[in-house]
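# Observations on the model geometry
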Amino acid sequence: MNAADLASWVRHAAELVAADAERLTRLDAAIGDGDHGHNLDRGFRAAVDALPADAPPGKVLIAAGRAVVSKTGGASGPLYGTVLRRAGKALGDADDVDAAALGAALRAALDGVQDLGKAVEGDKTMVDALAPAVAAYEAALADGSDLAGCVRAAAGAAAEGADATVPMQARKGRASYLGPRSVGHMDPGAASTALLLRGLADVTGEG
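Here's what I pulled together on the structure shown here. In this text the structure is predicted, and so the values were computed from the model without any measurement.

### Remarks on the packing of helix H6 (residues 127-142) against helix H7 (residues 147-164)
- Relative to each other, H6 and H7 sit at 150 degrees, their axes nearing to 7 Å. One element, H6, and the other, H7, form an angle in the roughly antiparallel class. The interaxial crossing formed by H6 with H7 has right-handed handedness. Along its contact with H6, which presents Asp-128, Ala-129, Pro-132, Ala-133, Ala-136, Tyr-137, Ala-140 and Leu-141, the element H7 presents Leu-147, Cys-150, Val-151, Ala-153, Ala-154, Ala-157, Ala-158, Gly-161 and Ala-162.
- Tallied by class, residues from the contact of H6 with H7 come to 15 nonpolar, 1 polar and 1 charged.

Given below as C-alpha cells:
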C-alpha cells in the first residue's frame, strides 16, 4: 500500500459512512445520544478535505485523524481520530506499507482507543469490533496471508464482533446508564468500526 491507497480508503470510508449514516444514528438513538452517524459523516467529510496532496502514508492518516477530531462531535471525534492518528504514527515516514506494517498500525490504533476509552472486549463499544479485527489480522499474517487477505480477515471479524454486541449489556459510555435496557441493540461504535474495516477491505482488494 502507498499514500494513494490510504487516501482512497479514507474517501471510501467517508462514502460508506455517508450512505449508512441514518442506520448508525438509529442505532445510537436506541442506546446513546442519537447522533453517531451524522457526527461521523461530518468528521469523515472533513477528513477527505484534509487529505494532503503529497505526503507519506502515515502523514495521510494523521491529517485525516486531526480532521476527524476537529469536526466530529461527542466522544466519537477523539476515538476515531485516535484510530487514524495512532495508525499513522505507527507507519512513520515509510513510503510503502506492507502487511506487517499495516498490522502494527492497526494494533497501535486499538491500543490508542483502549488507552483513551479504557474499554475492553465485552463492554459493548467499538473495541468489540476493533479488537477481534486486529486479532484476526495478526492471525492471518502469521498464517502467511498477504495484505489483502489479512484485511479481509479483519473486516470479517469486525462484522462478527459488531453483531456480537447485540446481546451485551453496556458497561461503558452513555449506553451503560441504561443497564439491562441496552441489551438487544447493536453498539453504534462497533457498527461503524466494522464499516471502516469493510472499506479498507474493499480498497485493498481492488488490486
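### Let's talk about helix H4 (residues 76-91)
- End to end, H4 covers 23 Å across 16 residues, agreeing with the expected 22 Å (1.5 Å per residue, within 8%).
- Among the residues of H4, Ser-76, Gly-77, Leu-79, Tyr-80, Gly-81, Thr-82, Val-83, Leu-84, Ala-87, Gly-88 and Leu-91 are the ones counted as buried.
- Where H4 is buried, its residues contact helix H1 (3-31), helix H2 (36-50), helix H3 (57-71), helix H5 (99-117), H6 and helix H8 (188-204).

### With respect to the environment of Glu-121
- Mapped onto the elements, Glu-121 comes out in the loop between H5 and H6.
- Since its relative accessible area comes to 49%, Glu-121 is described here as partly exposed.
- In this structure Glu-121 touches Val-127, Asp-128, Ala-131, Pro-132 and Arg-171, once residues within four positions along its chain are discounted.

### Quick word on the pattern of salt bridges
- In this structure the tally under the stated criterion is 7 salt bridges.
- Between Asp-20 and Arg-23 there is a salt bridge, and its shortest N-O distance comes to 2.8 Å. Of the two residues, Asp-20 and Arg-23 are both situated in helix H1; the distance of 3 residues between them amounts to about one turn of the helix.
- For Arg-23, a relative accessible area of 29% translates into the label partly exposed.
- Put simply, Asp-93 and Lys-59 hold a salt bridge, and the shortest N to O gap is 2.6 Å.

### Looking at the nonpolar core
- Membership of the largest hydrophobic core comes to 63 residues, with the highest contact counts inside it found for Leu-6, Trp-9, Phe-44, Leu-61, Leu-102 and Tyr-137.
- Looking at this core, the elements that each hand over two or more residues are H1, H2, H3, H4, H5, H6, H7 and H8.
- Looking at which element gives the most residues to this core, the answer is H1, with 11 residues.
- The contacts of Tyr-137, once residues within four sequence positions are left out, are Ala-99, Leu-102, Gly-103, Leu-106, Leu-147, Cys-150, Val-151 and Ala-154.

### Describing H5
- Across its 19 residues, H5 extends 27 Å between first and last C-alpha, which sits within 8% of the 27 Å expected from 1.5 Å per residue.
- Turning to H5, its buried residues number three or more, namely Ala-99, Leu-102, Gly-103, Ala-105, Leu-106, Ala-108, Ala-109, Leu-110, Gly-112 and Val-113.
- On its buried face, H5 sits against H4, H6, H7 and H8.
- Its side-chain oxygen at 3.3 Å from the backbone nitrogen of Ala-100, Asp-98 defines the N-terminal cap of H5.
- Note on H5: the residue one or two positions beyond its end, Lys-118, has a positive phi of about 60 degrees.

What counts and how
Residues numbered from 1 in each chain as written. Predicted model: local features only at pLDDT ≥ 70, side-chain atom pairs only at ≥ 80, totals over all residues. Heavy atoms only, no water. Axes fitted to C-alpha atoms, helices over the stretch in contact; angles between N-to-C directions. Helix = DSSP H or I, 4+ residues; strand = E, 2+ residues; numbered from the N terminus. Parallel < 35°, antiparallel > 145°, perpendicular 65-115°, else oblique. Left-handed = near helix turned anticlockwise from the far one by under 90°. Contact = heavy atoms within 4.5 Å. Nonpolar A, V, L, I, M, F, W, Y, C, P; charged D, E, K, R; others polar. Expected span 1.5 Å × (residues − 1). Buried < 20%, exposed > 50% of the residue type's maximum accessible area, 1.4 Å probe, protein only. Salt bridge = Lys/Arg side-chain N within 4 Å of Asp/Glu carboxyl O. Core = buried A, V, L, I, M, F, W, Y, C linked by side-chain atoms within 4.5 Å. Polar contact = N/O pair within 3.5 Å; in protein donor to acceptor, adjacent residues only side chain to side chain.

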